[in-house]
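# Structural features, examined
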Amino acid sequence: MCAFHRNTNGHMLVDSKPLAEIADRFGTPLYVYSGNGIRDSFNRFKSAVSQVPGKVYFALKANSALGVIALLARNGSGADIVSGGELERALMAGIAPADIVFSGVGKSRNEIAQALSTGIGQINAESPAELDSISSIANELSVIAPVALRVNVDVDPDTHVKISTGQRSTKFGISNNKHEVANLYRRLHDDPNFAPAGLAVHIGSQIQSLAPFEKAYRALLNLGQSLRGEGMPVPTLDLGGGVGVSYDDGSTTDFTDYGALVQRIFKGKGFKLGFEPGRAIVANNGVLLSEVIFVKHGDNKRFIIVDAAMNDLLRPTLYEAHHNIEPLNDLGPATGFADIVGPICETGDYLGKQRKMPDLNTGDRIAVMSAGAYGAVMASSYNTRPPAGEVLVLNSEVHVLRHKRSVKSLLDEESIPNF
Ligand code: LLP
């Protein structure tokens, strides 16, 4: 099952809406999300883990459009955030402060103060220095900080190196040494500025098998039980995100096996669990629409030059990530290989390489598939290209989530000094 599909006439649709119609109306490049798809993925994730007491906190970093967060909030999602900016987004989209978890290795004093003043549900701390900072700010504000410790369980998630966070060599978490964790947790317990919230883990993203999760979760359970054995309350175990999706066929992710694993490890153990899925909720529920500007026949290659570029979707350039690329209308069978590239002045600016493509011409449109996660959120204005707009289709109605920014708005942020 896919949120995006082709009808018998060969037109790509989201729900029953032709994507070409949306491109006509709003122009390209444009992100299009399926509201039903997002809601359905979230609800299926929630129900897959419903056999254990817990809460799902959508990781805003994957897609932080206010409209997407609001849709998830209405379906009972909390938010996993990593900055003061994401905190503001979560609150504005209607998520209660108590349903927000603040992750990240480098929270500034301002961000910690902002989080504590709004009554945030949980801060996942990653270093002794961070505990010092949170304690002193909580003391100044006369509030009690609900803090969990993020542990680095030293598990290889077997994913792209730039999105692996579970090994000892990375900057994340507190090293998985029983004494060190116990000492720091004891500090949470003894310092009156803290309310110990538990332990957290996040080993990486786009994880394709259950084995790394199993290792990490068992290590976390072990630590949690041993802290309890020392008489300290450990209410929550936060399991992070990382569940991978299929970029090959864009199919809906099946969470059943993941849910069964969680149940096998944690059922009846008396911990409240936290889940922070990002990609799995949105990746295959979004596409990036783009229009062909020129087709160029190089010496031994066909280049399809389109109006979306690495500033709109960085994943192929940054991670060599594969996204399927589909013409919006059926243009017949492939006529050969082509690189699909943007207008930016870098050889690294491509959306797909060596793809079997039909004959495409100026004005034809394509969809870059599986672009709902880590797409629009990672956009930039490189080459003074205003990042693409975003729309959400919900029950066949199209809602604008964000207008394409304008060159004027980019230039308005700047000033020329009076030399
Ligand atoms: N929780 C924490 C603490 C995280 O750092 C992340 C992702 C998540 C949850 C959500 O992980 P997910 O369920 O989405 O895998 N830009 C990269 C992905 C970076 C992920 C960073 N952390 C990409 O485009 O593949």
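## Let's talk about the overall build of the protein
Along the backbone of the protein there are 12 helices and 21 strands. Computed over the C-alpha atoms, the radius of gyration of the protein is 23 Å, within 12% of the 22 Å expected from 2.2 N^0.38 for a compact globule of 419 residues. If you line up the protein on its principal axes, its C-alpha atoms span 70 × 60 × 40 Å. A separation of at least 24 residues holds for 70% of the contacts in the protein among residues at least 6 apart in sequence. Surface exposure of the protein reaches about 17700 Å², of which carbon and sulfur atoms provide 50%. Across the protein, the centroid of the 40 positively charged side chains sits 3 Å from that of the 44 negatively charged ones.

## A word on the sheet that holds strand β3 (residues 17-18)
Spatial strand order, β1-β2-β3: three strands in an open sheet with antiparallel pairing. Both edges of this open sheet fall to β1 (4-6) and β3, since each of them pairs with a single strand only. When β1 meets strand β2 (residues 12-14), the two strands line up antiparallel, connected through three bridges. Looking at the pairing, His 5 lines up with Leu 13 of β2.

## A short note on the pattern of salt bridges
Tallied over the entire structure, the rule returns 18 salt bridges. We note a salt bridge from Lys 61 to Asp 80, for which the minimum N-O separation is 3.3 Å. One end of the pair, Lys 61, is in the loop between β5 (54-59) and α3 (66-74); the other, Asp 80, is in strand β6 (residues 78-81), with 19 residues separating them in the sequence. Of the charged contacts in the structure, one is a salt bridge between Glu 214 and Arg 218, with a shortest N-O distance of 3.0 Å. Placement of both Glu 214 and Arg 218 in helix α8 (residues 211-229) is noted, with a separation of four residues, approximately one turn of the helix. Judged by its relative accessible area of 37%, Arg 218 falls in the partly exposed class. Among the charged side chains, a network of salt bridges with common partners joins Glu 214, Arg 218 and Arg 264.

## Remarks on the packing of aromatic side chains
A full pass over the atoms with the stated rule returns eight aromatic pairs. When the centroid spacing of 6.2 Å and the interplanar angle of 25 degrees are considered together, the rings of Tyr 31 and Tyr 33 count as stacked. Taking the centre distance of 5.4 Å and the plane angle of 75 degrees together, the rings of Phe 213 and Tyr 258 count as edge-to-face. Of the two residues, Phe 213 is situated in helix α8 and Tyr 258 in helix α9 (residues 256-266); the sequence distance between them amounts to 45 residues. Within the aromatic cluster, the residues linked to one another by ring pairs are Phe 45, Phe 213, Tyr 217, Phe 255, Tyr 258, Phe 266 and Phe 275. Taking NZ or CZ as reference, Lys 107 lies 5.5 Å from the ring centre of Phe 102, over its face. Just above the ring of Tyr 350 sits the side chain of Lys 353; from NZ or CZ to the centre is 4.4 Å.

## Brief notes about the site of the ligand
Neighbouring residues of the ligand: 19 residues in total, closest Ser 205, Glu 276, Arg 315, Tyr 319 and Tyr 374. Contact between the ligand and Glu 276: a nitrogen atom at 2.6 Å from a side-chain N or O atom of the residue. Summarising the interface, the protein chains cover 91% of the accessible area of the ligand, which totals 590 Å² for the free molecule. By residue class, the composition of the shell around the ligand is six nonpolar, seven polar and six charged. Inspection of the shell around the ligand shows a minimum of three residues originating in each of domain 1 (4-33 + 284-412) and domain 2 (35-282).

## A word on the pairing of strand β9 (residues 145-152)
By the criterion of burial, β9 is predominantly enclosed, with eight of the eight residues buried. Neither face of β9 is open: one carries Ala 145, Val 147, Leu 149 and Val 151, the other Pro 146, Ala 148, Arg 150 and Asn 152, and all of them are buried. Pairing analysis gives three bridges linking strand β8 (residues 122-125) to β9, with the strands arranged parallel. Following the sheet pairing, Ala 125 is matched in β9 by Leu 149. One ladder, built from six bridges, connects β9 with strand β11 (residues 194-200); its direction is parallel.

## A closer look at the domain arrangement of the protein
By a frequent convention, interface size equals the accessible area lost on bringing the separate parts together. Assigned domains within the protein: domain 1 (4-33 + 284-412) and domain 2 (35-282). Averaged C-alpha coordinates put domain 1 and domain 2 at centres separated by 32 Å. Each partner contributes residues to the interface: domain 1 has 24 residues there, and domain 2 has 30 residues. Taken together, both faces of the contact between domain 1 and domain 2 bury some 2100 Å²; the carbon and sulfur share is 49%. In this structure, the connection of domain 1 to domain 2 is made through zero salt bridges. Going through the elements one at a time, α11 (315-319), β20 (389-394) and β21 (397-402) are the ones with two or more residues in the side of domain 1 that touches domain 2. Among the elements that take part in the side of domain 1 that touches domain 2, β20 stands out by supplying four residues, more than any other.

## A short note on the packing of helix α7 (residues 178-190) against α8
α8 packs onto α7 with a crossing angle of 55 degrees between their chain directions and a minimal axis gap of 11 Å. Of the possible angle classes, the one that applies to α7 and α8 is oblique. For the pair α7 and α8, the crossing hand works out as right-handed. Residues Lys 178, Val 181, Ala 182 and Tyr 185 of α7 lie in contact with α8, whose contacting residues are Asn 222, Leu 223, Ser 226 and Leu 227.

## So, the packing of helix α6 (residues 128-141) against α7
Interhelical geometry of α6 versus α7 gives an angle of 5 degrees and a closest axis separation of 11 Å. One way to sum up the angle between α6 and α7 is to call them roughly parallel. Residues Pro 128, Leu 131, Asp 132 and Ser 135 of α6 form the contact with α7, whose participating residues are Leu 184, Arg 187 and Leu 188.

## Overview of the pairing of strand β19 (residues 365-368)
Going residue by residue along β19, you find Arg 365 and Ala 367 tucked away on one face and Ile 366 and Val 368 tucked away on the opposite face as well. Across four bridges, the pairing between strand β14 (residues 286-297) and β19 is antiparallel. Paired with Leu 289 across the strands is Ala 367, a residue of β19. Judged from the three bridges that link them, strand β16 (residues 325-327) and β19 form a sheet pairing that is antiparallel. Its bridge partner lying in β19, Ile 325 is registered against Val 368.

Reading the values: rules and limits
Residues numbered from 1 in each chain as written. Predicted model: local features only at pLDDT ≥ 70, side-chain atom pairs only at ≥ 80, totals over all residues. Heavy atoms only, no water. Helix = DSSP H or I, 4+ residues; strand = E, 2+ residues; numbered from the N terminus. Rg over C-alpha atoms; globule rule 2.2 N^0.38 Å. Contact = heavy atoms within 4.5 Å. Areas by Shrake-Rupley, 256 points an atom, 1.4 Å probe, with all protein chains shown as cover. Lys, Arg positive; Asp, Glu negative; His and termini not counted. Charge placed at Lys NZ, Arg CZ, Asp CG, Glu CD. Pairing = 2+ DSSP bridges. Salt bridge = Lys/Arg side-chain N within 4 Å of Asp/Glu carboxyl O. Buried < 20%, exposed > 50% of the residue type's maximum accessible area, 1.4 Å probe, protein only. Phe/Tyr/Trp six-rings, centres within 6.5 Å; stacked < 30°, edge-to-face > 60°. Lys NZ or Arg CZ within 6 Å of the ring centre and 35° of its normal. Near = heavy atom within 4 Å. Polar contact = N/O pair within 3.5 Å; in protein donor to acceptor, adjacent residues only side chain to side chain. Nonpolar A, V, L, I, M, F, W, Y, C, P; charged D, E, K, R; others polar. Domains from an automatic or database assignment. Buried area = accessible area lost by both parts, 1.4 Å probe. Axes fitted to C-alpha atoms, helices over the stretch in contact; angles between N-to-C directions. Parallel < 35°, antiparallel > 145°, perpendicular 65-115°, else oblique. Left-handed = near helix turned anticlockwise from the far one by under 90°.

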